[in-house]
Amino acid sequence: MDQHQYMLEMIDIDKSFPGVHALDRAQFKLRPGTIHSLMGENGAGKSTLMKCLFGIYKKDSGTIRIDGKEVDFANPKHALDNGVAMVHQELNQVLHRNVMENVWLGRLPLKKYGLVDSKLMFAETMETFRDLEINISPTAIIGTLSVSQRQMVEIAKAVSYHAKILVLDEPTSSLTEKEVDHLFRIIRKLTVQGVGIIYISHRMDEILRISDDITVMRDGQWIATKPANELDTNELIRLMVNRDLTHRFPGKTNKPDGTMMSVSHLSGKYEPTFHDVSFTLRKGEILGVAGLMGSRRTELLNTIFGVFTKESGEIEVDGKVIDITSPEMAKRNGFALITEERRATGLFPLMNIYFNTIIANIGKYGKVILSQRKIASDTQSSIQSLKVKTASAKTAIRSLSGGNQQKVIIGRWLLTKPEILLLDEPTRGIDVGAKFEIYQLIINLANEGKGIVMVSSEMPELLGICDRILVMSNGRLAGIVERGKDFGGVAGEQEHILKLAGTYI
Ligand SMILES: Nc1ncnc2c1ncn2[C@@H]1O[C@H](COP(=O)(O)OP(=O)(O)OP(=O)(O)O)[C@@H](O)[C@H]1O
Ligand SMILES: [Mg+2]
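Predicted model only: the values in this text are computed from it and were never measured.

What to know about the coordination of the magnesium ion (ligand 2)
Point 1. Around the magnesium ion (ligand 2), the protein contributes the donor atoms S47 (OG) and Q89 (OE1), which lie 2.0 to 2.3 Å from the metal centre. Taken together, the residues span a long stretch of sequence, with S47 in helix α1 (residues 46–54) and Q89 in the loop between β6 (84–87) and α3 (99–104) at a distance of 42 residues. Comparing S47 with Q89 shows no difference in burial state: the two are buried.

Set out below in structure tokens:
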């Protein structure tokens, strides 16, 4: 093939960190005006490869060419100046600054005397947002936006550089289906102008829908590059994990029995919120919560856990009314909450895995002198049972891949031995193999008689492991779908859930 067929070539890229050979002669080639997805399990090296392109990491060896010319960007600014932009897996925004300042960070337009030209900044931000049909005020403070809005701001920022190569590292992890469609319209429009898109995601159906080409990596190595229309889910999974994963869900063995919690007429306090939600949770039950983004599912979990104040309603556990007014109290009553934005809200990025594993539980290791042996053995078993990919337990958590950071946090909460687990999007950003492990873990916990409430936006996983599914719509409980009843099979259940959630308008 003629090499100018490619706008970007990454050849034999090697990169090691202490104890980790993150990239092992990795390959990647991008055709102009195409969407090329990069896939692989957590820790496969996807983000590292893109950070080598973008000048965040210095590659140890290998060649990068853009339009046939060798490049080696010293830093992100250098990459941006040369037409490469990247949306990061982690949102690195300045929370107390407003939207337009975040969009223009590092290149603030100046007036005479060095004053920032806010008018110009506002106008240009508005124009970019209008082009992209984004409905967010340029003067809103970033910290007050939802995660999905923040993600859209990051995408708009990257687009505003008018780059010819745009890297999107898991841009849709917190977007709703409608927002994903919106994003896809944006990036398709860009490809028509010749922009090449590198797209990283763990959402298989999305990848197959949007990509022209797909490259799969495993253990830092290039495994395959194929046109998307020659691949299907099974083949992709096989390439990624190097084994057939015939079942995406473990067999369900839990037997729900006897009410352990009942929630009656619960309403949140501060509008907009949820209203009059009633349901029960049985011992050993996996109760799903479906709904569109904004249906107040996260708020419901947070209110049960005492993070938010309730306006009215009652929560009964084992027949006793309990009034939970703080997360501390919820913990004492046997609850654990794994938040949807684990990496932003649950992580101590500068600390190592030991610390991040035991922090929810610190009392258990001795009040004054922490038992190092116990910490080490708990951390080790948590790393093993969740298959966290890391050089050692002493590794700083921020150097783990995104998905592996999440596993550490899930492991931390499991160590608190909760009776009732509230899980908010427990497998977001986690690869297929690890998802299976997490499902198995959830089922095992249910087998032990724990109750699990699980919010998820992934319909297959709700249908794959839940016993019943609550459907929220606009802050109301729209219905409860009892599995295996009334709807004539899984497809019927899915349709019913979508209807209740208000997907069909
Ligand atoms: N700064 C760093 N220091 C040490 N190790 C690192 C660093 N960055 C990445 N690694 C390691 O390199 C390997 C590849 O990580 P990378 O983040 O590229 O994975 P990924 O494919 O993006 O995974 P995910 O799907 O979970 O985001 C992992 O083992 C990770 O722990
Ligand atoms: Mg990554």
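Comments concerning the packing of helix α5 (residues 147–160) against helix α6 (residues 177–192)
Point 1. It is at 12 Å that the axes of α5 and α6 come closest, and there the two elements cross at 5°. Relative to α6, α5 is oriented roughly parallel. Listed contacts from α6 to S148, M152, I155 and V159 of α5 are E179, H182, L183, I186 and L190.
Point 2. When grouped by side-chain class, the residues that make up the contact of α5 with α6 number six nonpolar, two polar and one charged.

What to know about the pairing of strand β4 (residues 61–66)
Point 1. The pairing of strand β1 (residues 8–17) with β4 spans five bridges and is antiparallel. Looking at the pairing, E9 lines up with R65 of β4.
Point 2. When β4 meets strand β5 (residues 69–70), the two strands line up antiparallel, connected through two bridges. Bridging from a neighbouring strand, I66 pairs with K69 of β5.
Point 3. What sits between β4 and β5 in their antiparallel hairpin is a turn of two residues, with D67 showing a positive phi close to 45°.

Concerning a nonpolar patch on the surface
Point 1. Together, L108, L110 and V116 make up a nonpolar patch on the protein surface, roughly 240 Å² of accessible area in all.
Point 2. Relative to the assigned elements, L110 resides in the loop between α3 and α4 (118–131).

So, the side chain of S211
Point 1. Mapped onto the elements of the fold, S211 is located in the loop between α7 (204–210) and β9 (213–218).
Point 2. In terms of polar contacts, S211 uses its side chain to reach the side chain of S37, at 2.6 Å.
Point 3. Of note is the side chain of S211, whose polar atom sits 2.6 Å from the backbone oxygen of I207.
Point 4. Setting aside its immediate chain neighbours within four residues, S211 contacts I35, S37 and A228.

Here we look at the site of ligand 1
Point 1. Taken together, 19 residues lie around ligand 1, and G43, K46, T48, Q89 and S401 are the ones closest in.
Point 2. At a separation of 2.8 Å, an oxygen atom of ligand 1 approaches a polar side-chain atom of S47.
Point 3. In the complex, 90% of the free accessible area of ligand 1, which totals 640 Å², lies under the protein chains.
Point 4. Of the residues that constitute the shell around ligand 1, the class distribution is six nonpolar, eleven polar and two charged.

Looking at the packing of helix α14 (residues 402–415) against helix α15 (residues 432–447)
Point 1. Running from N to C, α14 and α15 point in directions that differ by 10°, and their axes come no closer than 13 Å. Of the possible angle classes, the one that applies to α14 and α15 is roughly parallel. Contacts between α14 and α15 pair K407, I410 and L414 from the former with A434, E437, I438, L441 and L445 from the latter.
Point 2. For the contact of α14 with α15, the class distribution of residues is six nonpolar, no polar and two charged.

With respect to the pattern of salt bridges
Point 1. What the rule picks out here adds up to 25 salt bridges.
Point 2. With a shortest N-O distance of 3.1 Å, D81 and K77 are connected by a salt bridge. With D81 and K77 both in helix α2 (residues 76–81) and four residues apart, the pair spans about one turn of that helix. Here the two residues D81 and K77 agree in accessibility, since each one is exposed.
Point 3. Here E458 ties to K435 by a salt bridge, and the two come within 3.5 Å at their closest N and O atoms. Taken together, the residues E458 in the loop between β18 (451–455) and α16 (459–465) and K435 in helix α15 connect sequence positions 23 residues apart.

Focus on the sheet that holds strand β12 (residues 277–283)
Point 1. Read from one edge of the open sheet, four strands run β12-β11-β14-β15, paired in antiparallel fashion. The two strands at the open ends of the sheet, each matched to only one other strand, are β12 and β15 (320–322). With strand direction ignored, the average angle separating the axes of adjacent strands in the sheet is 20°.
Point 2. In the sheet, strand β14 (residues 310–317) pairs with β15 via three bridges, with the strands oriented antiparallel. Of the residues in β15, the one forming a bridge with V317 is K320.

Quick notes on α6
Given 3.6 residues per helical turn, the α-helix brings residues three or four places apart onto the same face.
Point 1. Here α6 is 16 residues long and its end C-alpha atoms lie 23 Å apart, about the 22 Å a rise of 1.5 Å per residue gives.
Point 2. Buried residues of α6: V180, H182, L183, F184, I186, I187, L190 and T191, and no others.
Point 3. In the core, the buried residues of α6 are packed alongside β3 (35–39), α5, β7 (165–169), β8 (196–200) and α7.
Point 4. Looking one or two residues beyond α6, the residue adopting positive phi is G194, at roughly 95°.

Some remarks on the pairing of β18
Point 1. Counting buried positions along β18 yields five of five residues, so the element is predominantly enclosed.
Point 2. Side chains G451, V453 and V455 project from β18 onto one buried face, and the interleaved I452 and M454 project onto a second face that is buried too.
Point 3. Relative to β18, strand β13 (residues 286–290) is paired through four bridges, and the arrangement is parallel. Counterpart to I286 in the pairing with β18 is I452.
Point 4. Summarising the sheet, strand β17 (residues 420–424) and β18 pair through five bridges and their orientation is parallel. Residue pairing for β18: L423 is matched across the bridge by M454.
Point 5. Handedness of the crossover is the feature at issue here: the chain leaves β17, passes through α15, returns alongside β18, and the resulting connection is right-handed.

Rules used in this analysis
Residues numbered from 1 in each chain as written. Chains lettered and ligands numbered in written order. Predicted model: local features only at pLDDT ≥ 70, side-chain atom pairs only at ≥ 80, totals over all residues. Heavy atoms only, no water. Donors = N, O, S within 2.8 Å, 3.2 Å for Na, K, Ca; no water. Helix = DSSP H or I, 4+ residues; strand = E, 2+ residues; numbered from the N terminus. Buried < 20%, exposed > 50% of the residue type's maximum accessible area, 1.4 Å probe, protein only. Axes fitted to C-alpha atoms, helices over the stretch in contact; angles between N-to-C directions. Parallel < 35°, antiparallel > 145°, perpendicular 65-115°, else oblique. Contact = heavy atoms within 4.5 Å. Nonpolar A, V, L, I, M, F, W, Y, C, P; charged D, E, K, R; others polar. Pairing = 2+ DSSP bridges. Patch = residues over 30% accessible without salt bridge, like charges linked within 9 Å, V, L, I, M, F, W, Y side chains within 5 Å. Areas by Shrake-Rupley, 256 points an atom, 1.4 Å probe, with all protein chains shown as cover. Salt bridge = Lys/Arg side-chain N within 4 Å of Asp/Glu carboxyl O. Polar contact = N/O pair within 3.5 Å; in protein donor to acceptor, adjacent residues only side chain to side chain. Near = heavy atom within 4 Å. Expected span 1.5 Å × (residues − 1). Right-handed = clockwise from strand over helix to strand, strands pointing away.

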